[in-house]
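Reading the structure
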Amino acid sequence: AQKITQTQPGMFVQEKEAVTLDCTYDTSDQSYGLFWYKQPSSGEMIFLIYQGSYDEQNATEGRYSLNFQKARKSANLVISASQLGDSAMYFCAMRETYNAGNMLTFGGGTRLMVKP
Amino acid sequence: DTEVTQTPKHLVMGMTNKKSLKCEQHMGHRAMYWYKQKAKKPPELMFVYSYEKLSINESVPSRFSPECPNSSLLNLHLHALQPEDSALYLCASSQEKVGSGANVLTFGAGSRLTVL
């Protein structure tokens, strides 16, 4: 069974508008971490934001915020004021505490395209 | 500039060749990872090194041979590869603190491998 699901293969957003990228996850762990990474066409995976399962506040990092709904097991990424440079693949990922080290399980990704 | 450096950026090799991918980090991280990413797919974990010892091998074929000479370097030796091994190979590193805090994986820009 998929542990991380991103239901939007591709999305368009108008420059300067906000966009929400969906992510749902499945775990029986009580303690886990959720991450969002951005991957431009150059290939590098760029860390954007992190949410711990015990964090009561939604994480924010500049224009990025994470809408964490624990009961629904969702961790949606919100990008405010989209810029052309935001066009990229976005991956949601989860780390579960039983993992040795800090292995991440990735979702299938969402390709975001920002229109001028 | 990325803090994880991968070389070469591009590699083309025949099925009988022997080549190596290299990864270097100077962040003091004690966990290092190899991921394989096929086109339009999420990264898939191959190997994890913790304190220079191989801790996880995700059932990777023996034609891929990892090596961690010291805490800053990670190599992936390639021999007798198949065309289906063509992919982006991503190296990452993180602190070695199991299950605590964000412990963000920092990725390199990847080595794009083509097997003819």
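The residue numbering used here restarts from 1 in each chain and proceeds along that chain's sequence as written. Ligands are numbered from 1 and chains lettered from A, in the order in which they are written. In keeping with the predicted nature of the model, local features appear solely for residues at pLDDT of at least 70, side-chain atom pairs appear and are counted solely at 80 or more, and the whole-chain, interface and lining totals rest on all residues. Values shown for side chains rest on all heavy atoms present in the structure; no hydrogens or waters enter the calculation.

Quick look at the overall build of chain A
Strands here mean DSSP runs of E at least two residues long; helices mean DSSP runs of H or I at least four residues long; both are numbered from the N terminus. Check the secondary structure of chain A and you find 0 helices and 12 strands. Listed N to C, the secondary structure of chain A is β-β-β-β-β-β-β-β-β-β-β-β in terms of helices and strands. Between the two quantities, the radius of gyration covers C-alpha atoms and the globule rule is 2.2 Å times the number of residues to the power 0.38. Over its C-alpha atoms chain A spans a radius of gyration of 14 Å, differing by no more than 12% from the 13 Å that the globule rule assigns to 116 residues. Its C-alpha atoms give chain A principal-axis dimensions of roughly 45 × 30 × 20 Å. In what follows, a contact means two residues having at least one pair of non-hydrogen atoms within 4.5 Å. Pairs at least 24 apart in sequence give 55% of the contacts found in chain A among residues at least 6 apart. We get accessible surface area from the Shrake-Rupley algorithm with a probe of 1.4 Å; when it comes to residues, only the shown protein chains can shield them. Counting every atom, chain A has about 5,400 Å² of accessible surface; 48% of that belongs to carbon and sulfur. By the counting rule applied here, Lys and Arg register as positive and Asp and Glu as negative, while His and the ends of each chain are not counted. A single reference atom marks each charge: NZ on Lys, CZ on Arg, CG on Asp, CD on Glu. Here chain A holds 10 positive side-chain charges and 11 negative ones, and the gap between their average locations is 4 Å.

A look at the nonpolar core
Only buried Ala, Val, Leu, Ile, Met, Phe, Trp, Tyr and Cys residues count toward a nonpolar core, and they belong to the same one when joined by side-chain atoms within 4.5 Å. Only protein chains enter the accessibility calculation, which uses a 1.4 Å probe; a residue is then buried when its area is under 20% of its type maximum, exposed when over 50%, and partly exposed in between. Ranked by internal contacts, the top residues of the largest apolar core, which has 25 residues, are Leu21, Tyr25, Trp36, Ile49, Leu77, Tyr90 and Leu112 of chain A. For this core, the element with the highest residue contribution is strand β10 (residues 88–96) of chain A, accounting for 4 residues. Contact partners of Tyr90 of chain A, with chain neighbours within four places excluded, come to Gln6, Leu21, Trp36, Tyr37, Lys38, Leu48, Leu77, Ile79, Gly109, Thr110 and Leu112 of chain A. In terms of nonpolar packing, the next biggest core, distinct from the first, is built from 22 residues, Phe47, Cys68, Leu81 and Tyr89 of chain B among them.

Some remarks on the pattern of salt bridges
For this analysis, a salt bridge means a side-chain nitrogen from Lys or Arg found within 4 Å of a carboxyl oxygen belonging to Asp or Glu. Applying the stated criterion across every chain, the model contains 5 salt bridges over all chains. Through salt bridges that share partners, Lys36, Arg63 and Asp85 of chain B make up one connected network.

Topic: the layout of surface pockets
With a 1 Å grid laid over protein atoms only, a set of points is called a cavity when a 1.4 Å probe fits there but cannot get out and a pocket when it is open yet has protein on both sides within 12 Å along at least five of seven lines; lining residues have an atom within 4 Å of a point. Grid points are joined across faces, edges and corners, and a volume is the space filled by probe spheres set on the points. Size it by volume and the second largest pocket reaches roughly 280 Å³. Lining the second largest pocket are 15 residues, with Gln39 and Arg111 of chain A together with Gln37, Lys40 and Arg112 of chain B sitting closest to its centre. Elements with a contribution of two residues or more to the lining of the second largest pocket: β10 of chain A together with β9 (87–94) of chain B. Gly falls in the polar group here, along with every residue not listed as nonpolar (Ala, Val, Leu, Ile, Met, Phe, Trp, Tyr, Cys, Pro) or charged (Asp, Glu, Lys, Arg). Class assignment of the residues belonging to the lining of the second largest pocket gives a composition of 6 nonpolar, 4 polar and 5 charged.

Quick notes on the state of the cysteines
All names here are of chain A. When the sulfur atoms of two cysteines come within 2.5 Å, that pair is taken as a disulfide. All told, the structure shown has 2 disulfides over all chains when counted by the stated rule. Shown here is the disulfide that connects Cys23 with Cys92, its sulfur atoms set 2.0 Å apart. Residues Cys23 and Cys92 are joined through a disulfide that is left-handed, its torsion about the S-S bond being -65°. Of this pair, Cys23 sits in the loop between β3 (19–21) and β4 (24–25) while Cys92 is found in strand β10, placing the two residues 69 residues apart along the sequence. Judged by relative accessible area, which is 1%, Cys23 ranks as buried. For Cys92, a relative accessible area of 0% corresponds to the buried category.

Examining the environment of Ser62 of chain B
Within the secondary structure layout, Ser62 of chain B lies in the loop between β6 (53–57) and β7 (64–70). Ser62 of chain B sits in the exposed class, given a relative accessible area of 72%.

Focus on the packing of aromatic side chains
To describe a pair of aromatic rings, you give the distance between the ring centres and the angle between the ring planes. Stacked, tilted and edge-to-face pairs are distinguished by plane angle, under 30 degrees for stacked and over 60 for edge-to-face with tilted covering the rest, among Phe, Tyr and Trp rings (Trp via its six-membered ring) whose centres lie within 6.5 Å. The tally for this structure, following the rule as stated, stands at 12 aromatic pairs over all chains. Both rings, one in Phe91 of chain A and one in Phe106 of chain A, keep their centres 6.1 Å apart while their planes meet at 85°; by these two values the pair is edge-to-face. Of this pair, Phe91 of chain A sits in strand β10 while Phe106 of chain A sits in strand β11 (residues 105–106), and the two are 15 residues apart along the sequence. For Phe91 of chain A, a relative accessible area of 1% gives the class buried. Measuring from ring centre to ring centre gives 5.8 Å for Phe64 of chain B and Tyr89 of chain B, while their planes differ by 35°; the resulting arrangement is tilted.

Section: the sheet that holds β7 of chain B
Residues and elements named next belong to chain B. In this analysis, strands are considered paired if DSSP registers two or more bridges between them. The 4 strands lie next to each other as β1-β3-β8-β7, forming an open sheet whose pairing is antiparallel. Of all strands in the sheet, those with a lone pairing partner are β1 (4–7) and β7, marking the two edges. Put simply, the sheet's adjacent strands are angled 20° from each other on average, direction ignored. Think of each axis as a best-fit line through the C-alpha atoms, taken over the contacting stretch in the case of a helix, with angles from 0 to 180 degrees between the N-to-C directions.

By themselves, these are just geometric observations and shouldn't be taken as functional.
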